[in-house]
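Reading the structure
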Amino acid sequence: MTGLGVVFRPQLPPERLKAVARVADEAGLEELWLWEDCFREGGISTAAAALAWTERVRVGVGLLPVPLRNVALTAMEAASLHRMFPGRATVVVGHGVQDWMGQVGARPASPLALLGEHLDALRALLAGERLTVRGRYVSLDDVGLDWAPQRPVPVLAGATGPRTLRLSGAKADGTVLTAASSPDDVRRARRLIEEGQKEAGRGEHHQVVVYLLAVTGADAEARLRTELATEGLESATDVGVAGDAGAVAAAVRRLAEAGADTVVLQPTGDEPDPEGFVRFAAEEVRPLLA
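Description of the structure in this document. (Residues numbered from 1 in each chain as written. Predicted model: local features only at pLDDT ≥ 70, side-chain atom pairs only at ≥ 80, totals over all residues. Heavy atoms only, no water.)

1. Topic: unusual backbone geometry
Here Cys38 and Phe39 are connected by a cis peptide whose omega angle stands at 0°. For the bond from Gly62 to Leu63, the omega torsion is 20°, close enough to zero to count as cis. Looking at where Leu63 falls in the secondary structure, it is placed in strand S3 (residues 58-65). Unusually for a residue other than glycine, Asp142 sits at a positive phi of about 55°. Checked against the element boundaries, Asp142 lands in strand S6 (residues 139-143). According to the relative accessible area criterion, Asp142 is partly exposed, its value standing at 45%. A positive phi angle is found at Asp238, which is not glycine, with a value near 60°. For Asp238, the position within the fold is in the loop between helix H8 (220-230) and strand S10 (241-242). Residue classification places Asp238 among the partly exposed positions, given a relative accessible area of 45%. (Helix = DSSP H or I, 4+ residues; strand = E, 2+ residues; numbered from the N terminus. Buried < 20%, exposed > 50% of the residue type's maximum accessible area, 1.4 Å probe, protein only.)

2. Considering the side chain of Gln98
Mapped onto the elements of the fold, Gln98 is located in helix H4 (residues 98-103). Judged by relative accessible area, which is 17%, Gln98 ranks as buried. Once residues lying within four places of it in the same chain are set aside, the contact partners of Gln98 are Arg107, Pro108 and Pro111. (Contact = heavy atoms within 4.5 Å.)

3. A closer look at the pairing of strand S11 (residues 262-266)
Counting buried positions over the five residues of S11 gives five, a clear majority of the element. Bridge analysis of strand S9 (residues 207-215) against S11 gives five bridges, and the strand direction is parallel. Looking at S11, one finds that Leu213 is bridged to Gln266. (Pairing = 2+ DSSP bridges.)

4. As for helix H9 (residues 245-258)
With 14 residues, H9 extends 20 Å from end C-alpha to end C-alpha; this agrees with the ideal 20 Å at 1.5 Å per step. Among all positions in H9, only Ala245, Val248, Ala249, Ala251, Val252, Leu255 and Ala258 are buried. Between the side-chain oxygen of the N-cap and the backbone nitrogen of Gly246 there are 3.2 Å, and the N-cap of H9 in question is Asp244. (Expected span 1.5 Å × (residues − 1). Polar contact = N/O pair within 3.5 Å; in protein donor to acceptor, adjacent residues only side chain to side chain.)

5. Observations concerning a nonpolar patch on the surface
On the surface, Phe39, Leu68 and Val104 cluster together into a nonpolar patch covering about 270 Å² of accessible area. Topologically, Val104 is positioned in the loop between H4 and helix H5 (111-126). Owing to a relative accessible area of 39%, Val104 belongs among the partly exposed residues under this scheme. (Patch = residues over 30% accessible without salt bridge, like charges linked within 9 Å, V, L, I, M, F, W, Y side chains within 5 Å. Areas by Shrake-Rupley, 256 points an atom, 1.4 Å probe, with all protein chains shown as cover. Salt bridge = Lys/Arg side-chain N within 4 Å of Asp/Glu carboxyl O.)

6. A closer look at the pairing of strand S8 (residues 174-177)
Side-chain alternation along S8 places Gly174 and Val176 on one buried face and Thr175 and Leu177 on a second face that is also buried. Summarising the sheet, strand S7 (residues 155-158) and S8 pair through three bridges and their orientation is parallel. Within the sheet, the bridge partner assigned to Leu156 lies in S8 and is Gly174. In this view, the connection linking S7 to its parallel neighbour S8 by way of helix H6 (residues 162-171) has right-handed handedness. For S8 and S9, the ladder comprises four bridges, and the chain directions are parallel. (Right-handed = clockwise from strand over helix to strand, strands pointing away.)

7. Here's the deal with H8
Residue pairs three or four apart in sequence face the same way in an α-helix, which turns once every 3.6 residues. Taken together, the buried positions of H8 are Ala220, Arg223, Leu224, Glu227 and Leu228. Projection of H8 onto a plane perpendicular to its axis shows the buried side chains occupying an angular sector of 135°, all on one side. Away from the buried face of H8 by more than 90 degrees, exposed residues Arg225, Thr226 and Thr230 are located. Immediately beyond the C-terminal end of H8, within one or two residues, lies Gly232, with a positive phi of roughly 70°. (Arc of directions from axis to C-beta.)

See the structure below:
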């Protein structure tokens, strides 16, 4: 069955997270996702808080920009989450928005090379390996985690372009696609991911998570058009959905049929009732996907 989640948008102040996370837990939502957008809220700090405030909902951070983070720190933080909250955390790494990386003096000459080195080292460290690495971007000297996770930890990558999708297939355990992805885009992404897997000799299932811009309520169509325009997606086709639970569930099913394992509903940045949106997803949309 397709997994269903909701994004807590970082346009909301951090102090709103506690109420939203608790509603997600109480309503039976499967996954709550967080973003580490510059210069809003930290991904690991908010994930740790959300996990501590809840009992069962899984919490994903999609994504952590690798130019901002030494891979040893990423591994330490991810391992801590998995030791404290086994099976409930999902960590995604990716390029980050390059303009933002430039603002903090961290824009790499080769984002692809950096992401590949980071993925290799992160997966190895979380698997309990001790590493000495001299890469273009990642340099480790006899580094290992004292408190590695006690069971295997999937590492996902955010990807959009063909080269990054192939890299994700070769080096990550799953891929996160943005809300700009139509069902056809998901099918293309699956093909490129599979090409990367084949080149790397990997045959295991590769998880695909897709964000879906979803708007409900009396003014849903207008708000969707405004959000798409804000994101530069005015001309995009089959992207986003406005309407009731039936319309949203149908859009989720289309993405699932195209190859999404999990669909994460992304409210608009101006969503007036984030707690109500979580209840809508858990109590109205989820039953239609059973």
